[in-house]
Amino acid sequence: MYDLVVVGAGPYGLSIASHAAAAGLRLRVFGRPMASWRDHMPGGMFLKSEPWASNLSDPGGCWGLAAYCEEQGLTARHAEPIPVAEFASYGLWFARHAVPDVDERMVTRVSSGPHGFTVVTADGEALQARTVALAVGVMPFIEVPSALRELHPSLVTHSSHHSGLDQFRGKDVTVIGGGQAALETAALLAEQGTRVRVLARAERLVWNDVPQPWERPWWQSARSPHSGLGPGWRNWFYSERPGLFRRLPQPTRARIAATALGPAGAWWVRERVERAVELLPGHRVTAACAVPGGVRLDTMNREGTAGALETEHVIAATGFRAQRDRLGMLSAELRGALAVLPDGSPATGRGFESSHPGLFLAGLVTASGFGPAMRFVHGATFTAPTLVQGVRRRLRATPLRGATLPVPGGSSRTESPAPVSG
Ligand SMILES: Cc1cc2nc3c(=O)[nH]c(=O)nc-3n(C[C@H](O)[C@H](O)[C@H](O)COP(=O)(O)OP(=O)(O)OC[C@H]3O[C@@H](n4cnc5c(N)ncnc54)[C@H](O)[C@@H]3O)c2cc1C
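Structural notes, computed from the coordinates.

Definitions and cut-offs
Residues numbered from 1 in each chain as written. Predicted model: local features only at pLDDT ≥ 70, side-chain atom pairs only at ≥ 80, totals over all residues. Heavy atoms only, no water. Helix = DSSP H or I, 4+ residues; strand = E, 2+ residues; numbered from the N terminus. Polar contact = N/O pair within 3.5 Å; in protein donor to acceptor, adjacent residues only side chain to side chain. Contact = heavy atoms within 4.5 Å. Pairing = 2+ DSSP bridges. Axes fitted to C-alpha atoms, helices over the stretch in contact; angles between N-to-C directions. Expected span 1.5 Å × (residues − 1). Buried < 20%, exposed > 50% of the residue type's maximum accessible area, 1.4 Å probe, protein only.

Considering the side chain of Q180
At step 1: Take Q180: it is sitting in helix α5 (residues 180-191).
At step 2: A polar atom in the side chain of Q180 sits 2.8 Å from the backbone nitrogen of A266.
At step 3: Residue contacts for Q180: discarding those within four places in its chain leaves K48, T185, A264, G265, A266, W268 and V269.

This is how it looks when you write it as C-alpha cells:
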C-alpha cells in the first residue's frame, strides 16, 4: 500500500514527487518523464517563459534550471529563450537527482479501492494507494475545432501530434490558431520550405513585447515588477499568489481563467512569421471536407463574408480544454463523482484535493481554481509543496488501522484522525 501514487512525470508530477519523497511518503511515480516536451513539440522550438520562471520544484531549491545549465556549461539568461530540447534534458536531470525511480508505464485506470485507490498500469499490474495525484498535463485535453474533428488524421492533426515537421516539406499547410504554438509551428514550417498560412479568429495577432532588462531603476520595477508570467502587478499576483487567487469569488476566477494571458506570439518569433507566413487573422473555419489532394476549408471573416481555401494539410494549434470528462484514466464512477466548476474543469480544495477525498489534481486542470500560473511550469513551485501538504493532511485524517505516518527524515509517528478542510 503506497501513501501516494503520482500519475505523470512532467514538470508538475516530478516536482510533486520530489516534495513527497522529501516528506518521507511511500511513493510511486508513473509516466514517461517530460513526455510532452520530448515527444509532442517539434525540434527547433523554444520556451516562451523566461529561464528563471522555468524551474521544477524541489524542497531544497537545489535542482533549478540555473544549476543544470551551470553543470552543463550552458547559459540561462533573462530574455534569452531556452530550446525545448534543452528544457527536456533539464527535466530528465531533475528526475535523476531529485525524484525516486520513475516507472515509465502509463496508468490506464484509477478507481476507488478498499483503502483509497486501485491504480492499474498499461500491462495490467494493480497497485493500492491511499492517495493519488493526477499530474497528467495537457495531452488528455487536446482541443480541435468541431468542424475539423471528423477528418482523417492524414488531413488534420493537432499541433501537439508533431515531434517533427519533416513530412510537410514542399507541401501546403494551413495552421489554425493565433497563439505561440500556431505561430512558432508556422515559422518552422516556412523555414523548411513549406507553403504555410495561419488562420486565426482574432481580428489582430497579438505579440508579446521584448522583455524589460532584468536590472532597472527602482521606480520602473515598482511600477511594473517582473513576474513568472510576465511584467506588471496583475501578472505578479497570478504568478506569485495562487493561494490568494483561489479565494477570489468564483465568477471572477472563471473570467480571469478564460481571458488572462490569451493567445500571443513571443517577441522573438514575430519577424520570422511576418517575413514568411501568409496571415489571415479575423477568420474562422465554418466547415471542412476532404477533397482530392487535401482539405477544403470554408471560412467566415468578421464582417460575415464567406470564403474558401484548399490546402494539403491542416494543423490545429488550438490548445487544450481541461475538462473532467476528458480524464479518461479515471473509472466512470470516480470521474462522475468529481464536482466541477462551470467551465467543466474539476473543482479543487486549497490543498489541490478534488471533491473525492484523497484524489489530488495538478497543472492545467487546476487553472480555474488557482489561476493562470497553473498553465505554466512556474505554477509547479506553488503546487508541489501545497499539494504534498494536502496529501499529508488527508493521510492524517484517514489513518490505516495500526498505520504510522511517515515523517521527513525516515522515522514515523502514530497519528490520530484530524479534520480535513477543502
Ligand atoms: C507548444 C507548447 C509550448 C509551451 N511552452 C511553455 C513555456 O515556454 N513555458 C511554460 O511554462 N509552459 C509552456 N507550455 C505549457 C507546458 O506544457 C506546461 O507548462 C507544462 O508542461 C505542464 O507540466 P505538466 O507536468 O502539468 O504536464 P506535461 O508536461 O504535459 O506532463 C504530463 C506527464 O504526464 C504523463 N502522463 C499523462 N497521462 C498519463 C498516464 N495515464 N499515465 C502515466 N503518465 C501519464 C506524461 O507522460 C507526462 O510525463 C507549453 C505548451 C506547449 C504545448
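More follows now that the structure is in view.
A word on the sheet that holds strand β8 (residues 172-176)
At step 1: Strands sit in the order β7-β14-β8-β9-β10 across an open sheet of five strands; the sheet is parallel. The sheet is open, and its two borders are formed by β7 (156-158) and β10 (278-281), each paired with just one other strand. Taken over all neighbouring pairs, the strand axes of this sheet differ in orientation by 20° on average, direction set aside.
At step 2: Here β7 runs beside strand β14 (residues 313-316); their pairing, made up of three bridges, is parallel. Paired with H158 across the two strands is A316, which belongs to β14.
At step 3: Against the sheet, α5 makes contact with β8, β9 (195-200) and β14, and its axis sits at roughly 165° relative to β9, the strand it touches most.

A short note on α5
Count 3.6 residues to each turn of an α-helix, and residues three or four apart come out pointing the same way.
At step 1: Here α5 spans 16 Å end to end across 12 residues, near enough to the 16 Å set by a 1.5 Å rise per residue.
At step 2: Judged by how many residues are buried, α5 sits mostly within the fold: 10 of 12 residues are covered.
At step 3: Within α5, burial applies to Q180, A182, L183, E184, T185, A186, A187, L188, L189 and A190.

That's the geometry; what it means functionally is another story.
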